[in-house]
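# Fold and geometry: a report
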Amino acid sequence: MNRMKTFDDIESALAQSYLGLLAAQPRRPLTLFAPRRIGKTFFLDHDLAPVAQQSGFLTIYADLWLNKSAPLEAINHALEEVLDTLQVPSSAVGRAAKTPVTKVSILGSGIELGEEPSPRPLPDKPALRLDALVTRLAAKYQGKLLLMLDEVQALADVPDGVDVIAALRAVLYTKRKVLHAVFTGSSQEGLAVLMTSVGSPMYQFAQILTFPSLGDDFLQPLANHFSKVHPGKQLDRAELRAVFMKVGFKPALMRDLVKAMSSEGITDVHLGLSRYVSSDAQMSLWGALLNGCSAFDQGVLVAVAQGLPPLSAQTLRELAAIPGANPTIGKVRTALSNLKRAGILTKAGAGTVVDDPLFAEYLAKRRIASRANAGKP
Ligand SMILES: Nc1ncnc2c1ncn2[C@@H]1O[C@H](COP(=O)(O)OP(=O)(O)O)[C@@H](O)[C@H]1O
Ligand SMILES: [Mg+2]
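The structure presented is a predicted model; accordingly, all values stated were derived computationally and were not measured. (Residues numbered from 1 in each chain as written. Chains lettered and ligands numbered in written order. Predicted model: local features only at pLDDT ≥ 70, side-chain atom pairs only at ≥ 80, totals over all residues. Heavy atoms only, no water.)

For the rest of this paragraph, the subject is the site of ligand 1. Looking at ligand 1, there are 14 residues lining it, with R37, K40, T41, F42 and R255 nearest. Within the contact set of ligand 1, an oxygen atom lies 2.8 Å away from a side-chain nitrogen or oxygen of T41. One of the backbone N or O atoms of F42 is found 2.7 Å from an oxygen atom in ligand 1. For ligand 1, whose unbound accessible area comes to 550 Å², protein coverage reaches 79%. Looking at the shell around ligand 1, the elements that each hand over two or more residues are α2 (40-54) and α10 (251-264). (Near = heavy atom within 4 Å. Polar contact = N/O pair within 3.5 Å; in protein donor to acceptor, adjacent residues only side chain to side chain. Areas by Shrake-Rupley, 256 points an atom, 1.4 Å probe, with all protein chains shown as cover. Helix = DSSP H or I, 4+ residues; strand = E, 2+ residues; numbered from the N terminus.)

Moving on to the side chain of T59. Tracing the chain through its elements places T59 in strand β2 (residues 58-63). Within the structure, T59 has its side chain in polar contact with the side chain of Q53 (distance 2.8 Å). Not counting residues up to four positions away in its chain, the partners in contact with T59 are A49, A52, Q53, V82, L146 and M148. (Contact = heavy atoms within 4.5 Å.)

Take the sheet that holds strand β6 (residues 179-185) next. Strand order in this open sheet of five strands is β2-β5-β6-β1-β7, and the pairing throughout is parallel. Strands at the two margins of the open sheet, each flanked by one partner only, are β2 and β7 (207-210). Along the sheet, successive strands turn relative to each other by an average axial angle of 20°, direction set aside. On top of the sheet, helix α3 (residues 71-87) reaches β2 and β5 (145-150); it is set at about 145° to β2, its chief contact. Packed on one face of the sheet, helix α5 (residues 126-141) meets β2, β5 and β6 and runs near 135° to β5. (Pairing = 2+ DSSP bridges. Axes fitted to C-alpha atoms, helices over the stretch in contact; angles between N-to-C directions.)

On to the packing of helix α9 (residues 237-246) against α10. Where α9 meets α10, the axes come as close as 10 Å, and the angle between the chain directions of the two elements is 130°. Looking at the two axes, α9 sits oblique to α10. The hand of the α9/α10 crossing is right-handed. Residue-level inspection shows L240, V243 and F244 of α9 in contact with α10, the latter providing P251, M254, L257 and V258. Considering only residue class, the contact of α9 with α10 consists of seven nonpolar, no polar and no charged. (Parallel < 35°, antiparallel > 145°, perpendicular 65-115°, else oblique. Left-handed = near helix turned anticlockwise from the far one by under 90°. Nonpolar A, V, L, I, M, F, W, Y, C, P; charged D, E, K, R; others polar.)

Averaged over all residues, the pLDDT of the chain equals 86, while 85% of them reach at least 70. The model gives residues 1-7 a pLDDT under 50, and that stretch makes eight contacts with residues more than four places away or in other chains. (pLDDT = per-residue confidence, 0-100.)

Once that is clear, we can look at the pairing of strand β1 (residues 30-33). The two faces of β1 match: L30 and L32 on one face and T31 and F33 on the other face are all buried. Pairing of β1 with β6, which is carried by four bridges, proceeds in the parallel orientation. Within the sheet, the bridge partner assigned to F33 lies in β6 and is G185. Looking at chain direction, β1 and β7 are connected through four bridges and run parallel. By the bridge assignment, T31 is partnered in β7 with I208. (Buried < 20%, exposed > 50% of the residue type's maximum accessible area, 1.4 Å probe, protein only.)

Taking 1.5 Å of rise per residue, 14 residues should cover 20 Å, and α10 covers 20 Å from first to last C-alpha, within 8% of that figure. Regarding α10, the residues found buried are P251, L253, M254, L257, V258, M261 and S262. Immediately beyond the C-terminal end of α10, within one or two residues, lies G265, with a positive phi of roughly 70°. (Expected span 1.5 Å × (residues − 1).)

Glancing now at a positive patch on the surface. Positive charge collects at one region of the surface, where R27, R169, R176 and K177 lie side by side. Along the chain, the position of R176 falls in the loop between α6 (161-174) and β6. (Patch = residues over 30% accessible without salt bridge, like charges linked within 9 Å, V, L, I, M, F, W, Y side chains within 5 Å. Salt bridge = Lys/Arg side-chain N within 4 Å of Asp/Glu carboxyl O. Lys, Arg positive; Asp, Glu negative; His and termini not counted. Charge placed at Lys NZ, Arg CZ, Asp CG, Glu CD.)

Quick look at the nonpolar core now. In terms of nonpolar packing, the biggest core is built from 49 residues, with M254, L301, V354, F359 and L363 touching the most fellow members. Here this core gets eight residues from one element, more than from any other, and that element is helix α13 (residues 295-305). Per-domain counts for this core show at least three residues from each of domain 2 (216-277) and domain 3 (289-373). Once residues lying within four places of it in the same chain are set aside, the contact partners of V354 are L301, V304, A305, I344, L345, F359, A360 and L363. Among the nonpolar cores identified, the runner-up in size contains 36 residues, and A62, V134, L145 and L191 belong to it. (Core = buried A, V, L, I, M, F, W, Y, C linked by side-chain atoms within 4.5 Å. Domains from an automatic or database assignment.)

Phi is positive for F249, which is not a glycine, with a value near 60°. Topologically, F249 is positioned in the loop between α9 and α10. Not every positive phi belongs to a glycine, and N326 is a case in point at roughly 40°. On the secondary structure map, N326 appears in the loop between α14 (313-319) and α15 (329-341).

Right, let's talk about the packing of helix α8 (residues 216-229) against α9 for a bit. Two elements in contact, α8 and α9, have axes whose closest approach is 10 Å; the angle formed by their N-to-C orientations is 125°. Taken together, α8 and α9 sit at an angle that is classed as oblique. Every pair of crossing elements has a handedness; the one defined by α8 and α9 is right-handed. Facing α8, whose interface residues are D216, F218, L219, Q220 and A223, α9 presents R237, L240, R241 and F244. The class makeup of the residues in the contact of α8 with α9 is five nonpolar, one polar and three charged.

Structure follows, in structure tokens:
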């Protein structure tokens, strides 16, 4: 049996099922939720877009996390780029051929070409521009459009996020015959703010689905490759699964881990993991991540990793040992929101946890008022 083929088929089946849901309720964007680095963007790019294209969609992608300051402009920019690629003829010959000859030069022997055809300028107001761009794209392409917006919870952090959602909702309604949308999100908290804020147009708008983590279809090819490189050696499937769960179902991390095990020829996956997390490379990565935070934020982070309630009296007492800290509940709250915004902490159920379970283990072994933190602003 060809495993890679099975793997691709399964991914395509997931993409197909999402397209089916969209067809049933075109006005309601699908929102795929999963923690960071689980594979959402990879899925959009590698599976959903190709499957949608095969079904006749023109796909447009925008990352709202990377364009937090101006999300609607980022969406419009993505639409304009796609529109440009539809409009630019594939060669200069094509361009000339599209331009009608308006006059014959008297002095020269050649002919002069007329102006490039220029459509009416697009409206400047972003919401109107969005509508106009969708209209133009649909007219040019003469088929359906799939708008893929990555990390939509970024809209919860911007002052005009609700307006952006209102604009999206309006265009998805008026253009429902030609426009479908898929969103992704990686913060439960951010999505909850978006979805449930009373009066927000997002309320009862998007259909939220949990984006599934990868399983054996991802792990088996890794194990197969390992055995190919090390004939006679095998990785235990149950161990692989257990460790994949331990690393939070992050495929890139798992691949790196198996690569590291392969270079040492180790087959014990748990041993491989403990070597991997204590490697110099990993230590310096985590050290750098930690040093990007203030001493106080580092202290709060370590407290969370150790399972202390961050606003408790005990945490405040321990934080007081950080030179110049003078901890208050307000300062801890600020630190928590800094760490969440940086994607280091994340909301899980009723509490707040370190997003990366391996980083959490590393942090839990540190002290809240670590000597290494002293003197950092
Ligand atoms: N189905 C997959 N097969 C193999 N590798 C994957 C797969 N999905 C994701 N990855 C790897 O994991 C990394 C993180 O995935 P990404 O899509 O960026 O996560 P997310 O968007 O959820 O944060 C990618 O760089 C990619 O290398
Ligand atoms: Mg992503």
